[in-house]
Structure formats: structure tokens, C-alpha cells
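Read off the chains here:
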Amino acid sequence: MPDSYSFAKRITIATFIVVLIAGGVYLLVKQFYFFLLVFAGILLAVLFSGMADWITNKLHLKRGWSLLISVLVFFGLLVGAFLWVGPTIAKQGQEISKTLPQSLQEVEQWLGKYSWGEKVAEQLPENLNKAMPQSSSLFSKVSGALTTTLGILADLLIVIITALFFASSPKLYTEGFSKLFPPRHRSRVLDVLHKCYHTLKLWLVAMLSAMAIIGVSAAIGYSLIGLPMAFALALIAFLLAFIPNIGPWIAGIPAVLIGLTQGSQMALYVILIYGGIQIIESYLITPIIFQKTVDLPPALLLFFQVLLGLVQGGLGLLLAAPILAVLMVVVKELYVKDVLENDGQRENGHGAYKSGIS
């Protein structure tokens, strides 16, 4: 009787675990966007915690005060940057939206000079104004834009609140997560979580450094050649540099199009300057920065970006790199070290034991 009761109990527990895992996988697939928002909050929490740790080490303050200073500095810099260059960026952004149709017409005319370009030009609309929303659908466009804006603000609020909760009490969540595992594995789980945090912190340092270099270099280069809307285009380059491999090159497209409105020579200058910045950043600056922080395999990163981009669009593409960095830590620690290398050590030890017997 006790044996049958124990067997039934084990079956019940195993079934519950299987159902729980299946439910988790189902939620992850169906609500992947929500989990990406949570991860974005964790990434922001890592930034706050890293700043707080640095302030604590330098000023010897309590962590609560250091975290408060970190949050105030972060949002203070955002607000200050917005008030300082916001009006200029907004004005230049409006100019870009008005200038891009003219730039596209310049591209269409240039393509028409070549036989292969004519086929491409045929796919472009004859009148770019047709692509603009008509007055009859203006209300639906405005309401849709309002809904999208409210959705983005709600997502940002979720990310910020999540970051503040995680950054204020990191041990509460890490130790709580570790308690989901057997006691003998909890210390190892906490060690892996600490390594994930350290990896994300180093990745953020490297990425923000690379973004700053690209943004400042683009602003200086565009200003030197007299490219219109230089600061707005440099801001685009700075923001899109957060997406490795893909973002920096996408940021060069509007700059080249704006350059075409000033003539083919200006467009050539833009290509040379921005291309030079990308070559120096990709082959000199980035290897030095990421060699000391987090080095992700470029091909694997590109494939992972495409995968998350197809699954979840822009947010997936935006967070692909930090997610891959965390996955690489988890696979390396829990599979390569704990499974493969431990199995290899057991086999080597067993073989040594056998050779000693013989």
C-alpha cells in the first residue's frame, strides 16, 4: 500500500511539472512580447544597478542612496538632452520628413539612367503623394497613431516600473528564483544568475561606448561637410547603433538620401564619411571594446537577430543581442561545464581507475 501511494504521488508530481512546463512554453510562445518587455526591464535594472554599484564603490554611500542617484542621473540626462537638443532635433526631423520624398525622386531619376535600374524604378510609385494618407482616412490614421503612442507609453511604463522593482531589491528576486530548484542546486543557480548580470553589465558598457563613438563621429563628420540636419541624422545613427550588424547600416540610408538632395557629390561624401566611421568602428574600436567585455559571434548574432525580428518584429530585433549574451552564459555554465565537462571528467576518472586496476 505505501509503495502504491508513493508511486501515485510521484506520478502526480511529475504530471504537475510537465503541465507547468507546457503551460510556461505556451505562455512564452503566445505572449512573447510580454516576456520581451520584462527582459527590457531587467536590462534597464542592470544599468541602474551597475551605476549604483559604481557610485557605492566611489562615494561609499548606502546602496539605496546610490540607486536613487543613479535613477535621477539617468532620467536627468534624458530630460536635459531633450531640452538642450530637442527643439533642434524636432525641427530637423520635420525637415527630413519633407526632404525624403525629394530624395526618393532623385534616386528614381538616377536609377532610370541604367537598364537594370529601370526595373527597380518601375516598382516605385509614380506619385509619392499617393503613399500619403488621404483626407477621407485621416481620422482613422490619427486615431491609430494615438493608440500606438499610448501603447508605446504603456510599454515604457512597464519597463521602467519593472526596472525599478528589480534594481531596488535584486536579492529578493534572484533568491526567490533559486528556491524553485532543489537545495543542492541553489548556490549554482545564484552563481549563474550573477554571471548573467555581470555579462549584461559589460555588454551595456560596451554598447553604450560604441553608440557614443558612432553618434559623436557622425555629428562631427556631417557638420564638417555641411550636410543639412546633421544632428538629427547623427541621433538616428546613435540610436540605431544599439542594434549590432543591422542598425548602423540602416541609419546610413536617410543620411545618403538627404545628401542626394544636395547633389551626388554630397551623397558621395556622406557615404565615404559614414562608411569610414563604420569600418573604423567595426574593425578597430568594437573589437577592442568587446574583447574586454562581451564578444558575441557575429554570424550567430545575425541569425538570432533575424529570428527574433521575424518572431516579434522591432522589439525582438532590438533585444536580440543582450538575450543572446545571456543564453550563451546559460548554455556555457549549465550545459558545457555542468554536463559535458563533468561527464568527461567522470569518464577520465573511471578510465584512470580501470588502468590502475589492470
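This is a predicted model, so every value here is computed, not measured. (Residues numbered from 1 in each chain as written. Predicted model: local features only at pLDDT ≥ 70, side-chain atom pairs only at ≥ 80, totals over all residues. Heavy atoms only, no water.)

Looking at this structure, how should I read the overall build of the protein chain?
A tally of helices and strands in the protein chain yields 11 helices and zero strands. Counted from the first residue to the last, the protein chain has its helices and strands arranged as α-α-α-α-α-α-α-α-α-α-α. In the protein chain, buried positions account for 29% of the 358 residues. Long-range contacts, defined as pairs at least 24 residues apart, comprise 67% of the intrachain contacts of the protein chain with a sequence gap of at least 6. Carbon and sulfur atoms form 71% of the exposed surface of the protein chain, whose accessible area is close to 23,100 Å². (Helix = DSSP H or I, 4+ residues; strand = E, 2+ residues; numbered from the N terminus. Buried < 20%, exposed > 50% of the residue type's maximum accessible area, 1.4 Å probe, protein only. Contact = heavy atoms within 4.5 Å. Areas by Shrake-Rupley, 256 points an atom, 1.4 Å probe, with all protein chains shown as cover.)

Help me out: how do you make sense of the side chain of Thr-162 in this one?
With respect to the helices, strands and loops of the structure, Thr-162 is situated in helix H5 (residues 138–168). The class of Thr-162 is buried, set by a relative accessible area of 14%. If we skip the residues at most four places from it in the chain, Thr-162 touches Val-38 and Gly-41.

Hey, could you run me through the packing of aromatic side chains in this one?
Two aromatic rings, taken as a pair, are described by how far apart their centres are and by the angle between their planes. Tallied over the entire structure, the rule returns seven aromatic pairs. Both rings, one in Phe-74 and one in Phe-75, keep their centres 5.2 Å apart while their planes meet at 85 degrees; by these two values the pair is edge-to-face. Overall, the relative accessible area of 27% leaves Phe-75 in the partly exposed class. Geometrically, the ring pair formed by Trp-203 and Phe-242 is edge-to-face, given 5.4 Å between the ring centres and 85 degrees between the ring planes. One end of the pair, Trp-203, is in helix H7 (residues 183–224); the other, Phe-242, is in the loop between helix H8 (230–240) and helix H9 (247–261), with 39 residues separating them in the sequence. Ring pairs connect the aromatic residues Phe-48, Phe-74 and Phe-75, which therefore count as one cluster. (Phe/Tyr/Trp six-rings, centres within 6.5 Å; stacked < 30°, edge-to-face > 60°.)

How do you make sense of the pattern of salt bridges when you look at a structure like this?
Opposite charge on two side chains lets them pair, provided their charged atoms get close. If you walk through the whole model with that rule in mind, you get seven salt bridges. In this structure, Arg-188 and Asp-191 form a salt bridge, with 2.8 Å as the shortest nitrogen-oxygen distance. One end of the pair, Arg-188, and the other, Asp-191, are both in helix H7, three residues apart, so they sit about a helical turn from each other. Arg-188 serves as the salt-bridge partner of Glu-333, at 2.8 Å between the closest nitrogen and oxygen. With Glu-333 in helix H11 (residues 298–357) and Arg-188 in helix H7, this residue pair connects regions lying 145 residues apart in the sequence. Look at Glu-333 and you get buried, because its relative accessible area is 4%. (Salt bridge = Lys/Arg side-chain N within 4 Å of Asp/Glu carboxyl O.)

I tried to follow the confidence of the model for the protein chain on my own but got confused; where do I start?
Low-pLDDT stretches of the model should not have their predicted coordinates read in fine detail. Put simply, the protein chain has an average pLDDT of 78, and 72% of its residues get 70 or more. In the model of the protein chain, helix H4 (residues 115–122) stands out as the element of lowest mean pLDDT, 55, in contrast to H7, which has the highest, 91. Counted against residues more than four places away or in other chains, residues 127–139, with its pLDDT under 50, gives five contacts. Per-residue pLDDT stays below 50 along residues 352–358; that stretch engages in zero contacts with residues further than four places along the chain or on separate chains. (pLDDT = per-residue confidence, 0-100.)

Teacher, can you tell me more about helix H2 (residues 32–59) here?
Within an α-helix, residues lying three or four positions from one another point in the same direction, as the helix has 3.6 residues per turn. Taking 1.5 Å of rise per residue, 28 residues should cover 40 Å, and H2 covers 40 Å from first to last C-alpha, within 8% of that figure. Positive backbone phi, approximately 60 degrees, marks His-60, located one or two places after H2. (Expected span 1.5 Å × (residues − 1).)

What exactly am I supposed to notice about the nonpolar core here?
For soluble globular proteins, nonpolar side chains are generally found buried alongside one another. In this structure, Trp-203, Tyr-222 and Leu-319 are the most contacted members of the largest nonpolar core, which totals 57 residues. Those elements that provide at least two residues to this core are H2, helix H3 (63–111), H5, H7, H8, H9, helix H10 (264–291) and H11. (Core = buried A, V, L, I, M, F, W, Y, C linked by side-chain atoms within 4.5 Å.)

Is there a simple way to explain the packing of helix H6 (residues 170–178) against H7 in this structure?
What describes two packed helices is the angle between their axes and the distance between those same axes. Between H6 and H7, the least distance of the axes is 9 Å, while the angle of their chain directions is 135 degrees. One way to sum up the angle between H6 and H7 is to call them oblique. Between H6 and H7 the crossing geometry is right-handed. Within the contact between the two elements, H6 uses Thr-174, Glu-175, Phe-177 and Ser-178 and H7 uses Arg-186, Val-189, Leu-190 and Leu-193. Of the residues in the contact of H6 with H7, the class split is four nonpolar, two polar and two charged. (Axes fitted to C-alpha atoms, helices over the stretch in contact; angles between N-to-C directions. Parallel < 35°, antiparallel > 145°, perpendicular 65-115°, else oblique. Left-handed = near helix turned anticlockwise from the far one by under 90°. Nonpolar A, V, L, I, M, F, W, Y, C, P; charged D, E, K, R; others polar.)

Would you explain the environment of Glu-333 in this entry?
Separated by 141 residues in the primary sequence, Glu-333 and Val-192 place their C-alpha atoms 6.8 Å from one another. In this structure Glu-333 touches Arg-188, Val-192, Lys-195 and Asp-338, once residues within four positions along its chain are discounted.

I tried to follow the side chain of Ser-49 on my own but got confused; where do I start?
As for its position among the elements, Ser-49 is in helix H2. Note on Ser-49: relative accessible area 6%, which makes it buried. Once residues lying within four places of it in the same chain are set aside, the contact partners of Ser-49 are Arg-63, Ala-167 and Tyr-197.

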